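Now for the letters of each chain:
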Amino acid sequence: MMQKFNTKLIVAVGVALIGAGIGAQKAYAGCTANYGGGETCVFNKRFDIEKKVRKEGDDSWKDKVTSVKENQVVEFRVKVKNEGEVEVDDMKMKDFLPKEMEKVGGSGLTEYWDSFEPGESKTFVIKAVVKDSEYDRKNFEKCVVNKARVEYKGDNEGSDTATVCYSDKEPTELPKTGGESALIGALGLGLASLGVTIKKVKAKILKAK
């Protein structure tokens, strides 16, 4: 009787220890094999990707830059955030640089990483210029779109874009403010009226003589 009881106790303790070991494993997105057979699948994964652009030297990041000149460096920032509740591996960021541009520095057009914790962000900055051949013409303006995509285990999890516009035209001078224009106009009208009045007074004096 005692031997039978001890056997049951050992089995119960073993099951408890195995269960504790399984519960202590890290949770990853996707499916993981369980000890003793079967698998546990976790699907609460979510990623956010943001793509921004700026001219090198500018302070702020934007969705679009304009009037990019020849040989002017443009920076693309790609930020990927793990907004899910689980740590994940096998992450990939792919940047699709337009054929009109070429990379000159910064992060790679393709980046891989693992151990992506919940709430963690990865930021990549890619430097590029518009190809010289794009400026071999006159009086033109053109915009191209740069797209970046985030993947988990080879599956597309989201994408974002940023726009670059370039031309051979110089920025036009801003018009004078309305207040200055109105003041100049009023001054000119006043001088004209004064001239007419002087002429009339002079004519009256000559007639009186």
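Residues numbered from 1 in each chain as written. Predicted model: local features only at pLDDT ≥ 70, side-chain atom pairs only at ≥ 80, totals over all residues. Heavy atoms only, no water.

Visitor: Give a detailed account of unusual backbone geometry, specifying residues and quantitative values.
Guide: Positive phi is not limited to glycine here, since N71 has a value of about 70°. Here N71 shows up in the loop between β4 (64–68) and β5 (74–82). We classify N71 as exposed; its relative accessible area is 54%. Positive phi values are uncommon outside glycine, yet K153 reaches one of about 50°. The topology assignment puts K153 in the loop between β10 (141–152) and β11 (155–167). Of the residues examined, K153 reaches a relative accessible area of 47% and is grouped as partly exposed. (Helix = DSSP H or I, 4+ residues; strand = E, 2+ residues; numbered from the N terminus. Buried < 20%, exposed > 50% of the residue type's maximum accessible area, 1.4 Å probe, protein only.)

Visitor: Could you give an account of the packing of aromatic side chains, with specific residues and numbers?
Guide: All told, the structure shown has seven aromatic pairs when counted by the stated rule. Between F47 and F116 the ring centres are 6.4 Å apart and the planes differ by 10°, which places this aromatic pair in the stacked class. Of the two residues, F47 is situated in strand β3 (residues 47–55) and F116 in the loop between β8 (110–113) and β9 (121–130); the sequence distance between them amounts to 69 residues. Neither F47 nor F116 differs from the other in exposure class; each is buried. Both rings, one in W113 and one in F124, keep their centres 5.5 Å apart while their planes meet at 50°; by these two values the pair is tilted. Taken together, the residues span a long stretch of sequence, with W113 in strand β8 and F124 in strand β9 at a distance of eleven residues. Here a set of aromatic residues connected by ring pairs shows up, and it is made of F47, W113, F116, F124 and Y152. Here the guanidinium or amino end of K94 rests over the ring plane of F96, the centre of that ring lying 5.9 Å away. (Phe/Tyr/Trp six-rings, centres within 6.5 Å; stacked < 30°, edge-to-face > 60°. Lys NZ or Arg CZ within 6 Å of the ring centre and 35° of its normal.)

Visitor: Give a detailed account of the state of the cysteines, specifying residues and quantitative values.
Guide: Here the structure, examined in full by the defined rule, presents one disulfide. Each sulfur in the disulfide pair C143 and C165 lies 1.9 Å from the other. Of note, the bridge from C143 to C165 carries an S-S torsion of about 105° and is right-handed in sense. Of this pair, C143 sits in strand β10 while C165 is found in strand β11, placing the two residues 22 residues apart along the sequence. The exposure class of C143 is partly exposed, given its relative accessible area of 45%. (Disulfide = S-S within 2.5 Å.)

Visitor: Outline the side chain of R54, listing residues and values.
Guide: Assignment of secondary structure puts R54 in strand β3. At a separation of 3.2 Å, a polar atom in the side chain of R54 contacts the main-chain carbonyl oxygen of D58. Engagement of the side chain of R54 in a polar contact is seen with the side chain of E75, the distance being 2.8 Å. Not counting the four nearest positions on each side in its chain, R54 is found in contact with D59, S60, W61, V65, V74 and E75. (Polar contact = N/O pair within 3.5 Å; in protein donor to acceptor, adjacent residues only side chain to side chain. Contact = heavy atoms within 4.5 Å.)

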